[in-house]
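# Summary of the model geometry
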Amino acid sequence: GTGTVVMKGNNTLPATIFTTFNNFIDSSGTTTTAVEDTIIGNLEIKAAGHLSLGAPVYIQGDWNRNNGGQFTQNDYWVHFSGAKDAGITAFNGQAFSYLHLIKNRTNYLNLYDSISISQVMLIDSGIFDLKSKNITLISNAQGTASFDKLGTHGSINYRSEEHTSELQSRVDIS
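First, a word on what this report is: a plain description of the structure on this page. (Residues numbered from 1 in each chain as written. Predicted model: local features only at pLDDT ≥ 70, side-chain atom pairs only at ≥ 80, totals over all residues. Heavy atoms only, no water.)

## Things to note about the overall build of the chain
In terms of helices and strands, the chain carries zero helices and 19 strands. For the chain, buried positions account for 42% of its 174 residues. Across the chain, the fraction of contacts at a sequence separation of at least 24, relative to all contacts at a separation of at least 6, is 25%. (Helix = DSSP H or I, 4+ residues; strand = E, 2+ residues; numbered from the N terminus. Buried < 20%, exposed > 50% of the residue type's maximum accessible area, 1.4 Å probe, protein only. Contact = heavy atoms within 4.5 Å.)

Take a look at the structure:
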């Protein structure tokens, strides 16, 4: 579709009909997903909203979590995919357990606020641009997070006031 779905109140998305959205806004209450969902456009979690994953989610557009908005990942993968640039904006940063970048090799996922990873981060393809923000891999009594793989068509850009650098996957053929 081309419209925007706005969720208000407490909802569990049915497993059989609501699986693809253009833009998705969790405005108030708790919305729980039941199956793997795809958001072609943007995801926004407003101040009174709470998105709780019951399955993996694929996001092709921007991730926006406002001040007060809540996200419960429940150890499901958040996949940033698709053929357009996107960004992560989250008040006071965003915690992810599993994060996967599978954008087209020339498309960016821009980090506008810092993030933390408690389990695994994986970049198969696309350009992850840190925009001078941070990725923190969490290590605690439950385990140590890992940066699992930088795929053949994946890269990470980092900018600071002093320099710009790029980390790209290298394939050595002997």
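## Describing the pairing of strand β13 (residues 108–111)
Looking at chain direction, strand β11 (residues 86–90) and β13 are connected through three bridges and run parallel. Following the sheet pairing, Ile88 is matched in β13 by Leu111. Relative to strand β14 (residues 115–129), β13 is paired through three bridges, and the arrangement is parallel. By the bridge assignment for β14, Asn110 is matched with Asp129. (Pairing = 2+ DSSP bridges.)

## A short note on the nonpolar core
Core analysis: the largest hydrophobic core is formed by 32 residues, its most contacted members being Trp63, Val78, Phe80, Phe96 and Phe128. Among the elements of the structure, β6 (43–52), β7 (57–59), β10 (77–82), β11, β12 (94–103), β13, β14 and β18 (146–159) are those that each provide at least two residues to this core. In terms of residue count, β14 provides more of this core than any other element does, five residues in total. Excluding residues within four positions of it along the chain, Phe128 makes contact with Leu101, Leu109, Leu111, Ile115, Met121, Ile123, Ile135, Ser155, Ile156 and Asn157. (Core = buried A, V, L, I, M, F, W, Y, C linked by side-chain atoms within 4.5 Å.)

## Observations concerning the packing of aromatic side chains
A complete count under the given rule lists six aromatic pairs for this structure. Taken together, a centroid distance of 4.8 Å and an interplanar angle of 90° make the contact between Trp63 and Phe71 edge-to-face. For the residue pair Trp63 and Phe71, the accessibility class agrees, reading buried in each case. Here a set of aromatic residues connected by ring pairs shows up, and it is made of Trp63, Phe71, Phe80 and Phe96. (Phe/Tyr/Trp six-rings, centres within 6.5 Å; stacked < 30°, edge-to-face > 60°.)

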